[in-house]
There are 6 protein chains.
Amino acid sequence: MATVKLVQDKDVSSEVLEVFNDIRKTRGTDFINNFWRALAVDPVNLKATWEEIKSTMGPGTIDVMVKEMVYMAVSTANGCSYCIHSHTAAAKAKGMTDEQHAELVKIIGLAGKTNHLVNAMQIPVDDAFLA
Amino acid sequence: MATVKLVQDKDVSSEVLEVFNDIRKTRGTDFINNFWRALAVDPVNLKATWEEIKSTMGPGTIDVMVKEMVYMAVSTANGCSYCIHSHTAAAKAKGMTDEQHAELVKIIGLAGKTNHLVNAMQIPVDDAFLA
Amino acid sequence: MATVKLVQDKDVSSEVLEVFNDIRKTRGTDFINNFWRALAVDPVNLKATWEEIKSTMGPGTIDVMVKEMVYMAVSTANGCSYCIHSHTAAAKAKGMTDEQHAELVKIIGLAGKTNHLVNAMQIPVDDAFLA
Amino acid sequence: MATVKLVQDKDVSSEVLEVFNDIRKTRGTDFINNFWRALAVDPVNLKATWEEIKSTMGPGTIDVMVKEMVYMAVSTANGCSYCIHSHTAAAKAKGMTDEQHAELVKIIGLAGKTNHLVNAMQIPVDDAFLA
Amino acid sequence: MATVKLVQDKDVSSEVLEVFNDIRKTRGTDFINNFWRALAVDPVNLKATWEEIKSTMGPGTIDVMVKEMVYMAVSTANGCSYCIHSHTAAAKAKGMTDEQHAELVKIIGLAGKTNHLVNAMQIPVDDAFLA
Amino acid sequence: MATVKLVQDKDVSSEVLEVFNDIRKTRGTDFINNFWRALAVDPVNLKATWEEIKSTMGPGTIDVMVKEMVYMAVSTANGCSYCIHSHTAAAKAKGMTDEQHAELVKIIGLAGKTNHLVNAMQIPVDDAFLA
């Protein structure tokens, strides 16, 4: 259970409503997920975080589906269950196939393994990587 | 400094040499980085890990440059300095531009932020993501 | 579900009861939360951990409410759901307002972001910070 | 060594210079630490991150020294060496005494301990904390 | 809830069945836990991971019960709830007593504490440990 | 570089000297590693931490070499370089062979892998593990 109130539609201020409506318009759905309802306790942070996500996760030099895959990978390493669920859903919505999902999971598992192997043996960075 | 010996060329067994030579051939370079020299203390683990990396990071349903970007992202969240250096280098070798690198870093930073926001407020997963 | 038994009042030994009673007296409530009931499987560890928490989290050179905020911040980065809940409650009990809670969450989110940015780019510590 | 170029004064664009000058003015020093020089490879991210830090870490409902202590605590749990150094320095600059530093370290250590105890035994959150 | 399908007995391919049957035979039980049912969406990864676990966690130079204790300890530090449950169960099945479990938990808690103390103060590695 | 002073022999108070001498006697060596020299800025914390380590890591129901292996495993997952070096050294001093070290590293790597696989797919804990 959240340690803050999840702001419901009937309780939103005009500031919050403006952000919620931009989320709805950008995503083409009426659904507002809990992340935004929790952030809404601090409307300034809500707006800033939404602007940051909209700008960072929108079109750029990296494909938008790939961006969601990277996001999900970081969230896995950080053990953020909510974020894994929401960004897996976002990656699927942007075209990730089941085969790509399985391959993504395999890469994440492998990275987890070699990160631990490297740390366990305290392997020094090669000079070639520092050039 | 590593807590295991980094196996040098003059000390390799035939088992290790076979793996080193496959790494050289696959990558088109004579350079063997420290990760493999550390793993070489356990030739069975060396061979199995190389086979796993060759298979997982080679061509599949996800672009090989994207695979390195995901790997680098997981390594960042896990704080593995060696892995960040080596997989950033690998992503660049596979075509990642400076602009893509900057954008990747920005996504990782944003994921770090929202992972912490979500954990801090203990936001419950929406039913919509569990369907 | 816990992987150890949560010791109930009817099953406590005199050693455990003594600690439980000191917790009750120190906190001014009869409520013993699950953390102590789980630790009670090892009465020596229970007593040592309680003494450590009572001493470290009691009055000192840092305000007791601030101490709980720091505790909650570390617990967030470590992804300990139980600890986030209990130390958010403790901070609130010691006077943390909703505004301070929202500001705390924002700082934690920002730290999560820049920790990831710094790790992602492997930024070296400035000499000025090492003086 | 950083995986990006650290932008030096002689190479800054006018966009970057504007941010660097605001950092200098806000902090009352000419010194620009490596974090900003690394971020400067992406001037838009540089400006946004600086604005976020200036706003979040400036005066609010939590004391500015306490904010730096929280930041350092999160950075410790995330193992970000650069961030621990820079935010310890910032906390000291804002008045943290050696006694408070020692007490902060002790709280962080204790949180690390109980976070692990709780995870190790998978202790369920008490209903009282969910109310 | 899993973000992949958990493969049920009635849906297994012959490839998956072969692995499931080897798990059953090796462990002397019909029970197949969810980890394998989730991995089964990628039969190649399922087989490779099972072979790796069977080989790494079987008899060697470290006692098999100790191996499960190490596994559970790593899983605790990584906050993997599923893994803590399953490897605690495995350690118990291989003979871990309640006293050993309590002692293991205490070591993990202590390591969590000193890991945080060391990171918080950025203590440099002694030359003696690098020899 | 440490963010606290490392207390040198010529500067120790009688309180600190008493602890240093007990460390020397218990370990049968004059060498005091940096961890204790950093903790010595807070003599009460120094004494309490030494007593906790002496008691927890000394003889009990788990072999003392195994205890060091568990400690090193947790430190790896937490990315504490100092701790990995010192507890690898301690495990070796207590009899860990190179073969056992290689096997320990392999288990830690495997746990890192499956922890990530489980988190990535959000696999629910089996009822059988909750009984």
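Fair warning: this is a prediction, and the values are worked out from it, not measured in the lab.

With that settled, consider the overall build of chain A. On a plain count of helices and strands, chain A comes out with seven helices and zero strands. Each helix and strand of chain A, ordered N terminal to C terminal, gives the series α-α-α-α-α-α-α. Taking 2.2 N^0.38 as the reference for a compact globule, 131 residues should give roughly 14 Å; the C-alpha atoms of chain A span a radius of gyration of 18 Å, well beyond that estimate. Scored against the burial criterion, the 131 residues of chain A give a buried share of 56%. Sequence separation of at least 24 residues holds for 56% of the intrachain contacts in chain A that already meet a minimum separation of 6.

After a rotation of 180 degrees and a shift along the axis of 0.0 Å, chain A superposes on chain B with an RMSD of 0.0 Å. Here the two chains are linked by the operation of a two-fold rotation axis. The residues that chain A uses at the interface reappear at the interface of chain B in 100% of cases, marking a shared surface.

So, on to the interface of chain A and chain B. Listed as interface residues are 55 residues of chain A and, on the opposing side, 55 residues of chain B. Considering every element that reaches the side of chain A that touches chain B, the biggest residue donor is helix 6 (residues 98–121) of chain A, with 15 residues. Grouping the constituent residues of the side of chain A that touches chain B by class yields 31 nonpolar, 18 polar and six charged.

Mapped onto the secondary structure, Asp9(C) falls in the segment before helix 1 (14–27). Separated by 23 residues in sequence, Asp9(C) and Ile32(C) place their C-alpha atoms 9.4 Å apart.

With that settled, the discussion passes to unusual backbone geometry. With the exception of glycine, the majority of residues adopt a negative phi angle, and the majority of peptide bonds are in the trans configuration. Not every positive phi belongs to a glycine, and Gln122(B) is a case in point at roughly 50 degrees. As for its placement among the helices and strands, Gln122(B) is situated in the loop between helix 6 (98–121) and helix 7 (127–130).

Superposing chain B onto chain F requires a rotation of 120 degrees together with a translation of 0.0 Å along the rotation axis, leaving an RMSD of 0.0 Å. Those values place the two copies in the arrangement expected of a three-fold rotation axis. Minimal C-alpha distance to the rotation axis in chain B is attained by Gly79(B), lying at 4.0 Å. Looking at chain B, a mere 20% of its interface residues are interface residues in chain F too, so the copies touch through different faces.

Below, the discussion takes up the packing of helix 3 (residues 43–57) of chain E against helix 6 (residues 98–121) of chain F. The axes of two packed helices give the description: the angle between them and the distance between them. In the contact formed by helix 3 of chain E and helix 6 of chain F, the axes pass within 10 Å of each other and the chain directions differ by 145 degrees. As helix 3 of chain E runs across helix 6 of chain F, the sense of the crossing is left-handed. Along the contact surface, helix 3 of chain E presents Glu52(E), Ile53(E) and Thr56(E), while helix 6 of chain F presents Lys106(F), Ile107(F) and Leu110(F). Tallied by class, residues from the contact of helix 3 of chain E with helix 6 of chain F come to three nonpolar, one polar and two charged.

So, on to the domain arrangement of chain A. Once the domains are mapped, chain A shows domain 1 (10–57) and domain 2 (60–131). Computed from C-alpha atoms alone, the centre-to-centre distance between domain 1 of chain A and domain 2 of chain A is 26 Å.

Time to look at helix 6 of chain A. Residue and element names in this part refer to chain A. Spanning 24 residues, helix 6 covers 35 Å between terminal C-alpha atoms, matching the ideal 34 Å at 1.5 Å per step. Within helix 6, 20 of the 24 residues are buried, leaving the element largely enclosed by the surrounding structure. Looking one or two places after helix 6, you find Gln-122, whose phi comes out positive at around 50 degrees.

Another point: the environment of Tyr82(A). In this fold, Tyr82(A) is placed in helix 5 (residues 81–93). Taking C-alpha positions, Tyr82(A) is 8.7 Å from Phe35(A), a pair spaced 47 residues apart along the chain. For Tyr82(A), the residues in contact, after removing those within four places along its chain, are Val118(B), Ile123(B) and Val125(B).

A residue-level look at chain A finds 100% of positions with pLDDT of 70 or above and a mean pLDDT of 97. The ipTM value of the predicted complex is 0.97, and its pTM value is 0.98.

Looking now at helix 3 (residues 43–57) of chain F. The first and last C-alpha atoms of helix 3 of chain F sit 21 Å apart over 15 residues, in line with the 21 Å expected at 1.5 Å per residue. Among the residues making up helix 3 of chain F, those that are buried are Asn45(F), Leu46(F), Thr49(F), Glu52(F) and Met57(F). What you see down the axis of helix 3 of chain F is that its buried residues fit within an arc of 140 degrees, all on one side. Buried residues along helix 3 of chain F sit in contact with helix 6 (98–121) of chain D, helix 6 (98–121) of chain E together with helix 1 (14–27), helix 2 (34–39) and helix 4 (64–77) of chain F.

The next thing to look at is the environment of Val64(B). All names here are of chain B. With respect to the element layout, Val-64 can be found in helix 4 (residues 64–77). For Val-64, a count of 14 C-beta atoms within 10 Å translates into the label partly exposed. C-alpha of Val-64 to C-alpha of Ala-91: the two residues are 27 residues apart in sequence and 8.3 Å apart in space. Excluding residues that lie within four positions of it along the chain, Val-64 makes contacts with Met-57, Gly-58, Pro-59 and Lys-94.

Thresholds applied
- Residues numbered from 1 in each chain as written.
- Chains lettered and ligands numbered in written order.
- Predicted model: local features only at pLDDT ≥ 70, side-chain atom pairs only at ≥ 80, totals over all residues.
- Helix = DSSP H or I, 4+ residues; strand = E, 2+ residues; numbered from the N terminus.
- Rg over C-alpha atoms; globule rule 2.2 N^0.38 Å.
- Buried ≥ 20, exposed ≤ 12 C-beta atoms within 10 Å, placed from the backbone.
- Contact = placed C-beta atoms within 7 Å.
- Least-squares fit on C-alpha atoms with pLDDT ≥ 70 in both.
- Nonpolar A, V, L, I, M, F, W, Y, C, P; charged D, E, K, R; others polar.
- Axes fitted to C-alpha atoms, helices over the stretch in contact; angles between N-to-C directions.
- Left-handed = near helix turned anticlockwise from the far one by under 90°.
- Domains from an automatic or database assignment.
- Expected span 1.5 Å × (residues − 1).
- pLDDT = per-residue confidence, 0-100.
- Arc of directions from axis to C-beta.

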